[in-house]
Amino acid sequence: MPWSEVETPERYEEWERADGYATLRVREHPDGSYVVRLDRLEQAPDGRGYRRERVDDRERADDLVSEWKAAFELQEA
């Protein structure tokens, strides 16, 4: 199941998995570092989960988002 970008008025970027049970978010900290987080709801077919990682720059944040999209993408039945 692919991910799609969600429009948000906040100062972060967010993607939602096609089943609606997981989101990925990246936001910049005031010190210039970035936080990437994955939040998967309890109702998700692959179970509840939460991950958060702080990285030094946007390039690493984008790499982490790509890695997590691939790792937590559901295979369609």
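Since the structure is predicted, the reported quantities are computational estimates derived from the model, not experimental observations.

Rules behind the numbers
- Residues numbered from 1 in each chain as written.
- Predicted model: local features only at pLDDT ≥ 70, side-chain atom pairs only at ≥ 80, totals over all residues.
- Heavy atoms only, no water.
- Helix = DSSP H or I, 4+ residues; strand = E, 2+ residues; numbered from the N terminus.
- Contact = heavy atoms within 4.5 Å.
- Core = buried A, V, L, I, M, F, W, Y, C linked by side-chain atoms within 4.5 Å.
- Buried < 20%, exposed > 50% of the residue type's maximum accessible area, 1.4 Å probe, protein only.
- Polar contact = N/O pair within 3.5 Å; in protein donor to acceptor, adjacent residues only side chain to side chain.

Novice: Explain the environment of Y34 to me, please; I cannot follow it from the model alone.
Specialist: If you trace the backbone, Y34 turns up in strand β4 (residues 34-40). Sequence spacing of Y34 and E53 is 19 residues, and the spatial spacing of their C-alpha atoms is 8.3 Å. Among all residues touching Y34, those that are not within four sequence positions of it are V26, R27, E28, E53, R54, V55, D57, R58 and A61.

Novice: What is the right way to read the nonpolar core from this model?
Specialist: With 14 residues, the main nonpolar core has W3, L24, V26, V36 and W68 as its most contacted residues. In terms of residues, this core owes the most to one element, helix α1 (residues 58-71), which gives four residues. If sequence neighbours within four positions are ignored, V36 has contacts with R25, V26, R51, R52, E53, A61, L64, V65 and W68.

Novice: Even after reading the chapter, I still don't get the side chain of H29, so can you show me in this structure?
Specialist: Mapping H29 onto the fold places it in the loop between β3 (22-28) and β4. A distance of 2.9 Å separates polar atoms of two side chains, one belonging to H29 and the other to R54. If sequence neighbours within four positions are ignored, H29 has contacts with V35, R52 and R54.

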